[in-house]
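Fold and contact review
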Amino acid sequence: MSTSRPAEPPKAEKRDFSYSHHGITIADPYAWLRDPGYPTVEDKGVLAHLEAENAWFEARMEPQQELVDELFKEMKARIKEDDSTVPQRRGGFLYWSEFEEGAEYRKYYRRPLGGGEDQLILDENELAEGHEYFRLGTFSVSQNGKLLAYSVDTNGSERFTARVKNLETGEHLPDEIPGTLSGLVWVIGDTALVYGLADENWRVHDATLHVLGTPLADDVELYRETLDEGFRVGAGLSAQEDWLVISTGDNETSEVRLVPADDPTSGPILVKPRMKGVEYDVDVRDGTLWVHTNDDHVNFRLATAPLDAPDAWETLIEGSDEFYLDGFDLFRDFFVTEGRVKGLDQIQLRSYAQPDLVKPIAFAEASFTAGLTNNPEYHQDKLRLSYQSMVTPDSVFDYHVESGELELLKQQEIPSGYDPEAYTTERVEIEARDGTMIPVSVVMRKDRPDGPGPLHLYAYGAYGFAVPPGFSTTRLSLVDRGFAYAIAHIRGGDDLGRKWYLQGKLNERLNTFTDFVDVAKGLAAKGFTEEGRISISGGSAGGELMGVVANTDPQLWGAIVAHVPFVDVLATMLDESLPLTPGEWPEWGNPILSKQAFAYILSYSPYDQVVAQDYPPMLVTAGLNDPRVTYWEPAKWVAKLRELKTDDNELLLKTNMGAGHGGKSGRFESIREAAEEVAFVLWQLGVET
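Notes on the structure in this doc start here. (Residues numbered from 1 in each chain as written. Predicted model: local features only at pLDDT ≥ 70, side-chain atom pairs only at ≥ 80, totals over all residues. Heavy atoms only, no water.)

Thoughts on the pattern of salt bridges
- Counted under the stated rule, the structure contains 47 salt bridges.
- In this structure, the salt-bridge partner of R642 is E53, at a minimum N-O distance of 2.8 Å. Taken as a pair, R642 in helix 11 (residues 632–644) and E53 in helix 1 (residues 44–61) lie far apart in primary sequence, 589 residues in all.
- Accessibility expressed as a relative area gives 15% for R642, which makes it buried. (Salt bridge = Lys/Arg side-chain N within 4 Å of Asp/Glu carboxyl O. Helix = DSSP H or I, 4+ residues; strand = E, 2+ residues; numbered from the N terminus. Buried < 20%, exposed > 50% of the residue type's maximum accessible area, 1.4 Å probe, protein only.)

Some remarks on unusual backbone geometry
- Backbone torsion omega between Y38 and P39 reads 20 degrees, so that peptide bond is classified as cis.
- Phi is positive for V564, which is not a glycine, with a value near 30 degrees.
- By secondary structure assignment, the location of V564 is in the loop between strand 36 (557–563) and helix 8 (569–573).

Focus on the packing of aromatic side chains
- The tally for this structure, following the rule as stated, stands at 28 aromatic pairs.
- Ring centres 5.3 Å apart and planes at 50 degrees place the aromatic pair F513 and Y604 in the tilted group. On the criterion of sequence distance, the pair formed by F513 in helix 6 (residues 510–525) and Y604 in helix 10 (residues 595–604) is long-range, its members being 91 residues apart.
- Ring pairing ties together the aromatic residues Y460, Y463, F465, F566 and W588, which thus form one cluster.
- Lying over the aromatic face of W32, R15 brings its terminal NZ or CZ to 4.2 Å of the ring centre.
- One residue, R475, lies across the ring of Y485, its end atom 4.6 Å from the ring centre. (Phe/Tyr/Trp six-rings, centres within 6.5 Å; stacked < 30°, edge-to-face > 60°. Lys NZ or Arg CZ within 6 Å of the ring centre and 35° of its normal.)

Looking at the nonpolar core
- V442, L457, F516, L523, I536, W557 and W637 are the most contacted members of the largest nonpolar core, which totals 117 residues.
- With 10 residues, the top contributor of residues to this core is helix 12 (residues 667–685).
- Once residues lying within four places of it in the same chain are set aside, the contact partners of W557 are F516, V517, A520, G532, I534, I536, V549, A550 and P616.
- F334, F363, L383 and F397 belong to the second-largest nonpolar core, a separate cluster that totals 16 residues. (Core = buried A, V, L, I, M, F, W, Y, C linked by side-chain atoms within 4.5 Å. Contact = heavy atoms within 4.5 Å.)

Encoded structure:
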């Protein structure tokens, strides 16, 4: 990278290129930014352009560096550097992880239940040494506690290498499996692992058996998906760890097979053949199959069946318009159903003898997020729960099943100080243009001045992912400077049930974008803020949202931050060689086969809809090794914006040259990127710091 400060932003060369489908021709003069050798990126022109954009980012942010440093310092001060998780029992040991002061990554420990010394079983810092990027994937201790299978990614490409460590000797076994993108499941009495490989397009189509000590060439493929290119395969164990559950599916259809965990090469039991639009997942208890499915109600039901007739599903818990049943867990003496009512998390204990008898776990706050976490054993007399709200830091509880007592084990500590009484949170409803009421979670300081002030609005709105009203320490850097911070629970997520998700996908995708705009306008109408004083952010599919609303309502936004934004939607959905495309068609539509889908996606695809108009200040991020949203999507989008926009507002693109979809790894490196985002927002909205 040149050491001289650039005087003007880079302008990407335009090269003649177009493609045609359904009689429609689309010009794409920045298509050359996709390196033809991808996933290897070596094209000198491409790299030079990305480096030039990074140089422009650094030059424009340099005057804000003091603010970035200040924000980084305060964000870091809110983190307890020498922190640890709450130990949990599994087998004959207690397991936990720790951060040491100043360390970027975790160390994993265990201690015998009967007493004894703490044992360091894995050190992420040691594994990350010498790598610009590091991510631990799977961490799986064998059932007998003697072996640890884990996987690592050292460049952000999401191709993990799996290894096995002998926890009694500390030595690694020679077994090494490169290219995994899956869990690592122990079978055959802890002598073998089941895994899945990422193919050349990052798709996992297999469940494969590796017997420890044997060559990888001898591994046995237990299942391969051959019928649907968009399906992905995964594997796990049943509650009693006696069945290997092999699942395949996409965003709307699923199919499950069972094989004995002690004999996984035996003939599989197909639970029910795939049927388009029917999703189901299963567990097994004492020879009875349990099925969670949306086959007769959009909000799912819970059914059972005998293993010798696995498709004869008998309803145990009916589907409900009010209660969205999004999962269940089986334990020895009871089972748990989880879901949401009016967008708020529910945890319900139920009896095997009387499944309709519900024992809910109650929480005091009006808005929160809660769920089961880290309950590794089939026999649990205490349930480990996580809980937080927009004003309550992350909290870990044990729920005592017999007494109903909630025991607080740990609450996230804010070393620099935090007083929850200084903040207020509320849940408001904003009417969308079609009359639908959209819930919004808002947090602000109680001493925030009356009248419209700056507001930051966040949303995702895709894949049925609900954004929980949880706690954030980095968010405080905005809130403490007078911002209200709002999460819009827009359609496309499943915040209010499965219908909420369905109303924001495929041919109803526009609801996601208009909901977001209507929420912003509604919050202004309620006096929280005003036009031009709203900063917004979103990542991936949420970055697509940022791109759409930048095109449709640019005057509303004081600043936009789009992380790894999915903005070249049409071209990506037309390219079935890309990692995610076939599996994404149920979400967005297939423009290859459908002229209607082509036209609909074209109508909102952010890159295609950039026009000559004023745009708000924008900060865009990308990851060179990102297999989910490829780096050229944000690069092309920014190039086209630079060409057509009619304003002098800031437009910055930062590409992490050694990272992927999640940005930089390490807890402090990621905080520095958060500090850059907040600094950009404060700068562009003119908020005094």
